[in-house]
Structures are given as C-alpha cells and as structure tokens.
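# Descriptive structure summary
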Amino acid sequence: MFNILKSWLKNSLMGILLITIFLGINTATWTPPSHAALPSGNAITEGKALLRYALPIENKPVRRLQASLEDISTQLRANRRWGAISSDLKTASRILDRPNQILASVPEERQPQAEAWINQLKSGVDSLQAAVQLKDKQQVLEGRNKLLDVVTQLEESMVTAFPFEVPAEYSNLPQLKGRATVAVKTNKGDLTVVVDGYSAPVTAGNFVDLVQRGFYDGLEFTRSEESYVLQTGDPPGKELGFIDPKTGKYRPIPLEILVEGEKEPTYGITLEEAGRYLDMPVLPFSSFGALAMARPEGEVNGGSSQFFFFLFEPELTPAGRNLLDGRYAVFGYLIDGKEILDKLKEGDKIESATVIQGIENLVQPSEDVWKVLNNSIKRVF
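The subject of this paragraph is the overall build of the chain. Along its length, the chain carries ten helices and 14 strands. A buried classification covers 52% of the 381 residues belonging to the chain. Taking the intrachain contacts of the chain between residues at least 6 apart in sequence as the baseline, contacts between residues at least 24 apart amount to 74%. By element, 51% of the accessible surface of the chain is carried by carbon and sulfur atoms, the whole surface being about 18100 Å².

Here we take up the sheet that holds strand β11 (residues 307–310). Taken in spatial order, the eight strands line up as β4-β5-β11-β10-β12-β3-β2-β13 in an open sheet, and their pairing is antiparallel. Each having just a single partner strand, β4 (221–225) and β13 (350–357) make up the two edges of the open sheet. Across the sheet, the mean angle from the axis of one strand to that of its neighbour is 25°, orientation sign disregarded. As paired strands, strand β2 (residues 179–186) and β13 are joined by six bridges and run antiparallel to one another. Counterpart to Lys185 in the pairing with β13 is Ser352. Here helix α2 (residues 47–54) sits on the sheet and contacts β2, β3 (189–196) and β12 (330–336); the angle it forms with β12, its principal contact strand, is near 135°.

Glancing now at the pattern of salt bridges. Applying the stated rule across the entire model yields 14 salt bridges. One salt bridge in this structure joins Asp244 and Arg251, with 4.0 Å as the shortest N-O distance. Each member of the pair Asp244 and Arg251 is classed as buried. Among the ionic contacts, a cluster of salt bridges with common partners joins Asp209, Arg213, Asp244 and Arg251.

With that out of the way, let us pick up a negative patch on the surface. Taken together, the side chains of Asp190, Glu226, Asp336, Glu339, Asp342 and Glu351 present a region of like negative charge at the surface. Counting through the fold element by element, Asp336 comes out in strand β12.

Bringing the nonpolar core into the picture now. Counting residues in each nonpolar core, the largest one holds 54 residues, and the members touching the most others are Val195, Phe207, Tyr216, Phe285, Phe309 and Leu341. With five residues, the single largest contributor to this core is helix α8 (residues 201–213). If we ignore the near neighbours within four places in the chain, the residues touching Phe207 are Val182, Val195, Tyr216, Leu291, Phe307 and Phe331. Ala114, Leu121, Val125 and Val132 belong to the second-largest nonpolar core, a separate cluster that totals 33 residues.

The phi angle at Lys135 is positive, at roughly 55°, despite the residue not being glycine. Within the element layout of this structure, Lys135 appears in the loop between α6 (111–134) and α7 (137–156). For Ser227, which is not a glycine, the phi torsion comes out positive at approximately 60°. Looking at where Ser227 falls in the secondary structure, it is placed in the loop between β4 and β5 (229–232). Taking relative accessible area as the criterion, Ser227 reaches 11% and is therefore assigned buried.

Most of α2 is tucked away, with six of its eight residues classed as buried. All buried positions along α2 are accounted for by Gly47, Ala49, Leu50, Leu51, Arg52 and Ala54. Of the surrounding elements, those touching the buried residues of α2 are α3 (60–77), α7, β2, β3 and β12.

Okay, the packing of aromatic side chains next. Following the criterion strictly, the structure yields 15 aromatic pairs and no others. With centroids separated by 4.8 Å and ring planes inclined at 50°, the aromatic side chains of Phe162 and Phe164 adopt a geometry described as tilted. Judged by centre distance (6.0 Å) and plane angle (10°), the ring pair of Phe285 and Phe308 falls under stacked. With Phe285 in the loop between β9 (266–267) and β10 (290–293) and Phe308 in strand β11, the pair connects residues that are 23 residues apart, well separated along the chain. Three or more aromatic residues joined by ring pairs make a cluster, and in this case those are Phe207, Phe215, Tyr216, Phe242, Phe307, Phe309 and Phe331.

This brings us to the pairing of β3. Taking burial as the measure, the eight residues of β3 include seven buried ones, the bulk of the element. Sheet analysis places β2 next to β3, joined by eight bridges and oriented antiparallel. Counterpart to Ala180 in the pairing with β3 is Val195. Between the end of β2 and the start of β3, which pair antiparallel, lie two residues.

Definitions and limits used
- Residues numbered from 1 in each chain as written.
- Predicted model: local features only at pLDDT ≥ 70, side-chain atom pairs only at ≥ 80, totals over all residues.
- Heavy atoms only, no water.
- Helix = DSSP H or I, 4+ residues; strand = E, 2+ residues; numbered from the N terminus.
- Buried < 20%, exposed > 50% of the residue type's maximum accessible area, 1.4 Å probe, protein only.
- Contact = heavy atoms within 4.5 Å.
- Areas by Shrake-Rupley, 256 points an atom, 1.4 Å probe, with all protein chains shown as cover.
- Pairing = 2+ DSSP bridges.
- Axes fitted to C-alpha atoms, helices over the stretch in contact; angles between N-to-C directions.
- Salt bridge = Lys/Arg side-chain N within 4 Å of Asp/Glu carboxyl O.
- Patch = residues over 30% accessible without salt bridge, like charges linked within 9 Å, V, L, I, M, F, W, Y side chains within 5 Å.
- Lys, Arg positive; Asp, Glu negative; His and termini not counted.
- Charge placed at Lys NZ, Arg CZ, Asp CG, Glu CD.
- Core = buried A, V, L, I, M, F, W, Y, C linked by side-chain atoms within 4.5 Å.
- Phe/Tyr/Trp six-rings, centres within 6.5 Å; stacked < 30°, edge-to-face > 60°.

Interpretation in functional terms is not warranted from these geometric data alone.
Rendered as structure tokens:
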C-alpha cells in the first residue's frame, strides 16, 4: 500500500505543491494534528554535512576540502564512479599540500593541534587513494567519514567567538552560544543529536536547558506520521509547554531562522510572511532527523517545549526547495541512531535525555534580568 502511495506522490507532487502554495501549510502543531504538503528536498541530505556548512567560518580552502571529501559518497551512489572519486582525493591532497592557507584562519594557540589534524588528513587521503585502486566501496566510505570527522574538528577550531548579539528582548531566555551534543535514550534504542546555537541560539538554548532540567525524561512521542514527523515534548497535564518555575508562566520561544548569507537570525516572522520566498535557511529541512521546534498553528512565537524530528524521505521528493523551510525553526540534526528513529512511533517513550558535550556553551539569564522581568510582571498584574 505504501509503495502505491509513493508512486502516486511522485506522479502528483507538482499538483500538491501548487495547491500548497495557494492554500498554505499546517505542520507541527499540537491540537489538532495538521497535515502539510511534502517537502521537495535539498541537494545536501546529511546532517553532519549541514552542521559543517553552518559553522560561522570563511576559510575557502577548508570548505573546498570538505566539499571534495563529501562528494565521494555521491560518486559511490552513482554506480561507483572511481575516476571521479580519485579526482576528489587529488583535489583534497592539493589543498592539504598548502596547510598555511588553512592555518591562516586558526588562532595561534590552536595551530599545533590543527597541524596535527592536517597531517592526519594527508595520511588518510593517501590511504583512501589506495582503497580506490582496489575499488573497495565500504573501505572508501568508512575512510571518507573518518576524514570528515577530522575536518569538522579543524573547522570548529576556526571559530573564535560567538558571531552576533542576540536581541536584548530575548535576554530572559537561555541561549546556547555554540553547540551541544545530546544523547537521547528511548525504549527502542539510543539517538544522538547535535544542536546548533551558532544558527539558533535561543531555540537551541531552550532545548538544552530543558534537557538539563530532565524535562523530557519519561515523555512519550505524541505524534507520528510515516515519512514525515515524529513529535514529543508535551508535558503531563493541561499545559502544552514548559512552565518556568521562576515566573510561573508558560515560557514561549520566538521563531528563529538564520538565512544563508546573513550574520544573524530573523525573529518572530516566517520567511514567507516576510516575502522572502527564495531565501534558504542555514539549517534546512533536508535531512532525516532534522530537529525542529513545534508551535501552535498561527502563533510563530508560541513554541515552548514541543519539538519534532523531520523524517525526510528522498524517495517521495525530488531534489529542490523544501516547503517547510522558513516556516519552522530547525535547531539541530540527528547524527547517530537513524535506524532507531525510523522505528519510533506514537506511544514510544524518551527514557532520558542528557547533554554529553557542550554544556559550557549554555548561558542562563542573569539574576538582574530576572529581577527586571519579575518587576514588569508585578506592574502588569
């Protein structure tokens, strides 16, 4: 039955998209469940790659190095184009032969470690060339993945400071000034996600803060739609989000989207409402396991604790723009546990969620901010 549905969707996708454009999309809300048109995909569908490209760095050689190594998986999927893979590795080798161009963006105190990573990459590229000669697909893919993990470390070493100031009106909210890795234990297995404060500091900060509080421990997944979304974060009782014990109020989170080519996110408006139909977010909905903030329908600043995993299904969607982009805020990606996420359904449970890396990047509101906020609340009531 699902195969028939796939065929129908492929044949009628254009009609669906046109209807969607005119009628609008409802997606991750909590009452009642809504139905969105399927997205049209994106050329980059790997969460780790999207996170690398989202880093606030401008070193062109390291980006070319990254692109040449990432292209290897594309060539392996395309009938094992060994000549193209060899060319990718030659490109990577030429870039690594000029380490000073890469090191120019690394702070001096981090350069010894960066040099060690560059030497590790040189050795790894040589080993991959040998594997290409043997046409060992699995060895090449595994080697490529290991090298890209090193490239990630090298690129992260180039980030010297948080790249922008979050608007003062959100100073009462937790902010993630960098990245954090969260281990999510479910009744069906373990997931690992990386949340990106460089692109969505308020949204990611809210999530990490709630993880630290143990808010998600024991919560069920409340919505599951095959090849679309898996949602959780609805606490027991009548409340639909997090009630901050310091204020006794629902803590709302603004819609927060960083657009490619811009220095800081936009807040409180969808890209569609802003007339920015062709702009793309730095964190797009194009990877299986994209992590995004849910919100009430029609309330762009009404999100709180509920979030969803986007279950991107490339077989159902051709490459191209994703219609969810700019409507909801992606704040991270699944980096491990794809097979587990694929099994989770409504009624399954998060047993625990734990920050395993990057907690030092979480910045809580200062006591002065809370005093001002509490005084404002007293004046209102």
